[in-house]
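As a plain string of letters, each chain reads:
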Amino acid sequence: MPVDRLHKLRRVIAREGLDGLLVSKPVNCRYVSGFTGSSGAVLVSHKHAILATDFRYIEQAGHETRNLEITRTEGDLHDWLPQLVSSLGWHSLGFEANHICFAVHRQLKHAIRAKQLNLELIPRTGLVEHLRSTKEPGELELIVQAANLTDAAFKQARTSIHPGTTEKSLAWEIENLLREGGSEGVPFDLVVASGPNAALPHAKPSDRVIGQNEAVIIDMGARIEGYCSDFSRTLCLGRADEALAEIHRVVLEAQLAGIRQITAKLTGAEADQLARTIIEQGGRGEAFGHGLGHGVGLEVHEAPRIGPNSSDLLIDGMVFTIEPGIYVPGFGGCRIEDVVVLEKGRVRVLTESEKTVEVIQ
Ligand code: ZN
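Let me begin by describing the structure that accompanies this report. (Residues numbered from 1 in each chain as written. Predicted model: local features only at pLDDT ≥ 70, side-chain atom pairs only at ≥ 80, totals over all residues. Heavy atoms only, no water.)

So, about the state of the cysteines. For the coordinates displayed, the defined rule picks out zero disulfides. Unpaired in terms of disulfides, Cys29 finds its nearest cysteine sulfur in Cys101, a separation of 15 Å. For Cys29, a relative accessible area of 2% puts it in the buried group. (Disulfide = S-S within 2.5 Å. Buried < 20%, exposed > 50% of the residue type's maximum accessible area, 1.4 Å probe, protein only.)

The following block contains the structure:
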């Protein structure tokens, strides 16, 4: 584990007044420990840093982690956790309330009562997520690699779209390009949404044949050593009709306003408003029903949130998307999305593909 992360987490645990913290969400375990297995938990106090996992992952845990004690567990969380934590002398254990489900929490409470342990479970949210929201240089480098790979795959896919292509076949072609370029799978189900399907922000690729003069929203991303990119463009085979051209112009203007004007020290809500204003002025405010963006890292959606209700403070080192969209039921839609990083108070764009709408055949 990067020792620095352990220091930071220990400061958080002290600030929260906890004896220790149970990190159970796999992506947070990975961040804190380096362990990429799907079953395990990390326990951290001012003195201890323990990775607890079962037989299947013991060897892997030894390879992937440094500076952690490794404990082999038997059974479910409630079978071993209360006893282990009590033996360390902890009386207050923070846990990730957005990950430990109700049933597991109840089992833990039962076990603590049955064993008559002096241990309190204290719900916390967002502690590790907050640390993850600002990226270290090594993390940024991996996101840049994922962004470059996305750009390259899009560039190639753009030249090969032709009348008669279905949404599904284009999505599969893009996925192939990403995988062959070195992406670890794809970080989310790719979106290829044409014509009226483009009105659905998270449409699934269908057997629909992409027609002339209609919108095609492509939303794609790559993953390198766990780190994601997230990227959208809206294309059209041949000439975009007036309505599509107008929507595209407004979305592009909003997106560029976000890129130019978002600065450090704004809240997520203030950043969102900079782009939303343009769409509202274009008379399409109602058709932009999602937030302007979200953090990107080990997860494709993570902190910070950039949307109308977000009080998240934007600071240097944060990586997030800027992705305004307009969606018109029955007609289609447009979204343009880049991954950016905040540096010296300003936005630097990591995905560089061109944003023109038309693909002349
Ligand atoms: Zn996104």
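Here we come to the pattern of salt bridges. Where charged atoms of side chains with opposite charge meet at close range, the side chains can pair. Under the definition given, this model contains 23 salt bridges. The shortest N-O distance in the salt bridge between Asp338 and Arg233 comes to 2.9 Å. You can see Asp338 sitting in strand E17 (residues 338-343) and its partner Arg233 sitting in strand E11 (residues 231-237), a full 105 residues away along the chain. For the pair Asp338 and Arg233, a shared accessibility class is recorded, and that class is buried. (Salt bridge = Lys/Arg side-chain N within 4 Å of Asp/Glu carboxyl O. Helix = DSSP H or I, 4+ residues; strand = E, 2+ residues; numbered from the N terminus.)

Turning our attention to empty space enclosed by the protein. Scanning all chains against the criterion turns up two cavities of 30 Å³ or more. Top contributing element to the lining of the largest cavity by residue count: helix H6 (residues 127-133), with three residues. When its residues are assigned to classes, the lining of the largest cavity shows three nonpolar, two polar and three charged. Of the volumes computed, that of the second largest cavity is approximately 40 Å³. Across the lining of the second largest cavity, the residue classes tally to three nonpolar, five polar and no charged. (1 Å grid on protein atoms, 1.4 Å probe; cavity = no way out; pocket = protein on both sides within 12 Å on 5 of 7 lines; lining within 4 Å. Points joined across faces, edges and corners; volume = space filled by probe spheres on them. Nonpolar A, V, L, I, M, F, W, Y, C, P; charged D, E, K, R; others polar.)

Leu9, Val42, Ile174, Leu178, Ile218, Met220 and Leu350 are the most contacted members of the largest nonpolar core, which totals 61 residues. Ranked by residues supplied to this core, first place goes to helix H7 (residues 137-160) with 10 residues. In terms of domain composition, this core takes at least three residues from each of domain 1 (3-132) and domain 2 (137-359). Not counting residues within four places of it along the chain, the set of residues in contact with Ile174 comprises Ala157, Leu190, Val192, Ile218 and Met220. (Core = buried A, V, L, I, M, F, W, Y, C linked by side-chain atoms within 4.5 Å. Domains from an automatic or database assignment. Contact = heavy atoms within 4.5 Å.)

Before going further, it helps to examine the sheet that holds strand E8 (residues 215-220). One open sheet holds the four strands; their spatial order is E7-E8-E11-E19, and the pairing between them is mixed. Edge strands, defined here as strands with exactly one partner in the open sheet, are strand E7 (191-194) and strand E19 (358-359). With four bridges connecting them, E7 and E8 associate as antiparallel partners. Pairing of Ser194 across the sheet is with Val216, part of E8. Packed on one face of the sheet, H7 meets E8, E11 and E19 and runs near 10° to E11. Each of E7 and E8 touches helix H8 (residues 167-180); the most contacted strand, E7, lies at about 150° to it. (Pairing = 2+ DSSP bridges. Axes fitted to C-alpha atoms, helices over the stretch in contact; angles between N-to-C directions.)

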